[in-house]
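Residues per chain, in single letters:
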Amino acid sequence: MDERADTPDPDRKSRPSGGQSPAGAAVKETLGMLRSSLRRSLQRSPLSPGGKGSKVTATGGAAGSETGSPKPNASRFGDSLRQKVVSGRRSLKLSTKAMKSNGGEEGRSSIPEDLLEERMEEAEPEEEEEEEEMEEAYTLPEIPHIPLSVMQINRLIEMEVLEEAHLHLLALRREFQEESGRGEGASPVELANKEKDLSLLYGELRSKMAAIVSASSARPSRNKGLLVLVVRIIQEEERRAAEPGGLPGSWMESWRGAVEEGVRAKVGGVHLEPRGQNASWLAVHLGLLGKAVVEDLENVRRELRWCYPPSFKVFSTYVHAHHRVVGRHLVELEPRVTELKDLHALLDWIAHRYQSERIMGNPSLQPDMGGESRELQLEDDFLEKLEEKCCQRVEEDMRLSLDRVTELQVMEVWLKGRGPELEEGVLTSEVAMDVWTRVKGMGVNARKISPQLEQKVIGSCLQEVTQFPKRFEMAFRLHCSALRPRPLWTEYHITYINSFAALQQHMEGYRGACPDQVEALRQEVRWLTVRLMQDLEDQFKEDVEPYLRRMMTRKWLTTDRDFQQLQSRTEVLEQHCSLLRPPHHQVRRRSLSGRRRPLDSRSQNHKSHIQKSTHEWLHPVGDDLSDIIGQKNKADIKNHLQPLVEHYPDFSKKHLVAVLSFRGLLRGREHQLILQRLSELKKKTGAAADSSHVLFGAMQVAVNTECLSNLPFSCLGFLLPDS
């Protein structure tokens, strides 16, 4: 046989002769190279009698030349050979199609279909063996004495004839090592060129192998034979890592990178809908992503693991690759996640679903999971940032919810003039329940993810609720100021005092987790209550001031009509205050009864009204003051001071001045004598006085003479919450 047909000259170019097309010449050259490759492979195959090869153990050592090899390796070599032929056929068919399109008749007749079919039948095993784990040891075929050209080796790599290409690479590498060992006799230029060729060819081989590994999970049936060759090449190159002429970097690390790249392509191919098209876009995507992860790992268990020896730990490698790739995918996905429900879905998927039986805990994966971690590999601060983003969104949503609560009161209550509801004897509204339900719902949803997130979310909610009383008060004054002084205005005040008191009681349940926020809310509610009570007091003062002005004249001696009006308005206020929630509804009648003016001791109506108080020590105040005010002779006033001082030791000089002013005694000698008598009596009683009975000490004395001009806030102190 012509030697040129067996060993194609790398420098020879195919020229058209006898009407043959250039494409036909190219096919002939490829065919000749393939025939030569097949013949040499068969001659040195462990299946042939004269075959030579080195048996490589699991540790990478050579066991010498052998004329045969165990059956599994022989079968795999047959698979390798069959893969070469199939790859060659695929390349040749592509060339044939090109020639057909150009009308080349010779090209169709130049493809040796019979030879290819014959070789395939020889290499085809009679029956397939059961899947078993690949052995660590392998037999390296004989390295050619003379390598093919760089272009031919590169062509073999492109055609995925990996074993043949690798053997010629090893031959070229051996030449480089031999020439480098000659020392001064070697040409530096030739050595540099050969080293560059080796680097380029090895780079192409590594890239081709990476592409095969990356696609192996998606197309396992196509790449199983190639994966066996890839594994043996990696083992051989790792064994020769210390020899010159190789490619820098670990081949095993390159393989792991290719595995990860394949997983990245798989994850990147999971369907992701735009947010505007589907409100549940993230939940759908995460569901598909989990399904893709399970399917990929099931495929590794079922198909790919048989193409690797145990030392590769292929299933573990794919598991960790999924942890890293999915973790990075979620980091890239995070900027698109802005809604609270989507943030909850993402956090829940990371914390629970990924590790659950739906994905990493899937029963189909457990036989090989062993002690493998099920947790995603995320950036160190990613979860913390995600939770912080969730809390910020909680604050925004909570603020909107609170604004809707206020808007509901505006639209359904204030603008319609609807009265508040009476529930269990107190005026109430939906405000407290609406706010508390929203906060509780936020906490429950966060607790499903983690207790730590629940505490953060509750703190964020309370931070917004703390600012709610002031915003609500502004809206209330804006829409309800025109109702003053109608009874509905008063009822609204009492209703919202009750509502915010109830809200604060609900929030006290979170004091253990968020003490600072709960205390801040308590202070805000307290001051809101103070302001609403001040409104009620101011309105009461406006209502009774005309009657008190007339009562400051001598008209009160002949009629009690003004006093009856004063009494009536006081009783209305008491009735409204009785609609407050406990403990605010405990009316301290001392505050009202003790401050009702004892105007006419001769009026039994006045006297009996004053004595309605349950505090018996208050009963004498009406008679004592009436005796002083009712004296016709100014000089007799000083003789009636002793009972008042004995009953109420806190009655002071400024109070007596106010009483004398009401009596019309503003100055003069008698005025001074009366004040002097009071000082003598207070010195005489001294420490014997009962300090537990304080009535006048809580009263401020007005500087001017306008009635109720500076009525102390303590007059309505019974309406304030206990603090």
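## Comments concerning the overall build of the protein chain
Helix and strand counts for the protein chain come out as 26 helices and five strands. Residue burial in the protein chain is summarised as follows: out of 723 residues, 46% are buried. At a minimum sequence separation of 6, the contacts of the protein chain that also span at least 24 residues come to 76%. In the structure as shown, the protein chain presents an accessible area of about 36700 Å², 50% of it carried by carbon and sulfur atoms.

## Description of the nonpolar core
One broad rule of soluble globular proteins: the nonpolar side chains tend to lie buried together. Counting residues in each nonpolar core, the largest one holds 135 residues, and the members touching the most others are Leu 330, Trp 414, Val 435 and Tyr 496. Ignoring anything within four residues of it in the chain, the contact list for Trp 414 reads Gln 409, Phe 472, Ala 475, Phe 476, His 479, Cys 480, Tyr 492 and Tyr 496. Ranked by size, the runner-up nonpolar core spans 22 residues in total, among them Trp 617, Val 645, Leu 665 and Leu 678.

## Digging into the side chain of Glu 164
Relative to the assigned elements, Glu 164 resides in helix α7 (residues 162-181). Here the side chain of Glu 164 touches His 168 through a polar contact of 3.1 Å, side chain to side chain.

## Regarding the packing of helix α15 (residues 382-414) against helix α16 (residues 431-447)
Running from N to C, α15 and α16 point in directions that differ by 160°, and their axes come no closer than 10 Å. Relative to α16, the element α15 is oriented roughly antiparallel. Between α15 and α16 the crossing geometry is right-handed. Residues Val 394, Asp 397, Met 398, Ser 401, Leu 402, Val 405, Leu 408 and Gln 409 of α15 pack against Val 431, Asp 434, Val 435, Arg 438, Val 439 and Met 442 of α16. Residue composition of the contact of α15 with α16, grouped by class: nine nonpolar, two polar and three charged.

## A closer look at unusual backbone geometry
In this structure, the amide linkage connecting Arg 484 to the following residue, Pro 485, adopts the cis form with an omega of 5°. One can find Pro 485 in the loop between α17 (451-480) and α18 (487-507). Here the phi dihedral of Glu 160 falls at roughly 65°; this positive angle occurs in a residue that is not glycine. Checked against the element boundaries, Glu 160 lands in the loop between α6 (150-158) and α7. Non-glycine residue Lys 313 carries a positive phi angle of around 45°. In this fold, Lys 313 is placed in the loop between α11 (281-302) and α12 (314-333).

## A short note on the environment of Gly 327
The topology assignment puts Gly 327 in helix α12. As for Gly 327 and Leu 378, which are separated by 51 residues in sequence, their C-alpha atoms are 5.1 Å apart. In this structure Gly 327 touches His 322, Leu 376, Gln 377 and Leu 378, once residues within four positions along its chain are discounted.

## A few points about the state of the cysteines
Put plainly, two cysteines are in a disulfide when a covalent bond ties their sulfur atoms together. The tally for this structure, following the rule as stated, stands at zero disulfides. Its sulfur unpaired, Cys 391 is 5.7 Å from the next cysteine sulfur, which belongs to Cys 390. Take Cys 514: it sits in no disulfide, and the sulfur closest to it among the cysteines is that of Cys 461, at 9.2 Å. The exposure class of Cys 514 is buried, given its relative accessible area of 3%.

## Observations regarding the confidence of the model for the protein chain
Averaged over every residue, the pLDDT of the protein chain is 76; residues scoring 70 or more account for 69%. Residue range residues 1-27 is modelled with pLDDT below 50. Its contacts to residues more than four positions away, or to other chains, number 28 contacts. Throughout residues 58-129 the model reports pLDDT below 50, and contacts reaching past four residues in sequence, or to other chains, amount to 100 contacts.

## Quick notes on the pattern of salt bridges
It is possible for side chains bearing opposite charge to pair when their charged atoms get close. All told, the structure shown has 35 salt bridges when counted by the stated rule. Notably, a salt bridge pairs Glu 334 with Lys 389, separated by 2.9 Å at the nearest N-O pair. On the criterion of sequence distance, the pair formed by Glu 334 in the loop between α12 and α13 (340-353) and Lys 389 in helix α15 is long-range, its members being 55 residues apart. Classification of Glu 334 by relative accessible area gives partly exposed; the value is 21%. The residue Asp 342 makes a salt bridge to Lys 341 at a minimum N-O spacing of 3.2 Å. Overlapping salt bridges bring together Glu 260, Glu 261, Arg 264, Arg 324 and Arg 328 as one network.

## Section: the side chain of Thr 317
Assignment of secondary structure puts Thr 317 in helix α12. From its side chain, Thr 317 meets the backbone oxygen of Phe 312 in a polar contact 3.4 Å long. In contact with Thr 317, other than residues within four places in its own chain, are Trp 255, Arg 256, Val 259 and Phe 312.

Definitions and cut-offs
Residues numbered from 1 in each chain as written. Predicted model: local features only at pLDDT ≥ 70, side-chain atom pairs only at ≥ 80, totals over all residues. Heavy atoms only, no water. Helix = DSSP H or I, 4+ residues; strand = E, 2+ residues; numbered from the N terminus. Buried < 20%, exposed > 50% of the residue type's maximum accessible area, 1.4 Å probe, protein only. Contact = heavy atoms within 4.5 Å. Areas by Shrake-Rupley, 256 points an atom, 1.4 Å probe, with all protein chains shown as cover. Core = buried A, V, L, I, M, F, W, Y, C linked by side-chain atoms within 4.5 Å. Polar contact = N/O pair within 3.5 Å; in protein donor to acceptor, adjacent residues only side chain to side chain. Axes fitted to C-alpha atoms, helices over the stretch in contact; angles between N-to-C directions. Parallel < 35°, antiparallel > 145°, perpendicular 65-115°, else oblique. Left-handed = near helix turned anticlockwise from the far one by under 90°. Nonpolar A, V, L, I, M, F, W, Y, C, P; charged D, E, K, R; others polar. Disulfide = S-S within 2.5 Å. pLDDT = per-residue confidence, 0-100. Salt bridge = Lys/Arg side-chain N within 4 Å of Asp/Glu carboxyl O.

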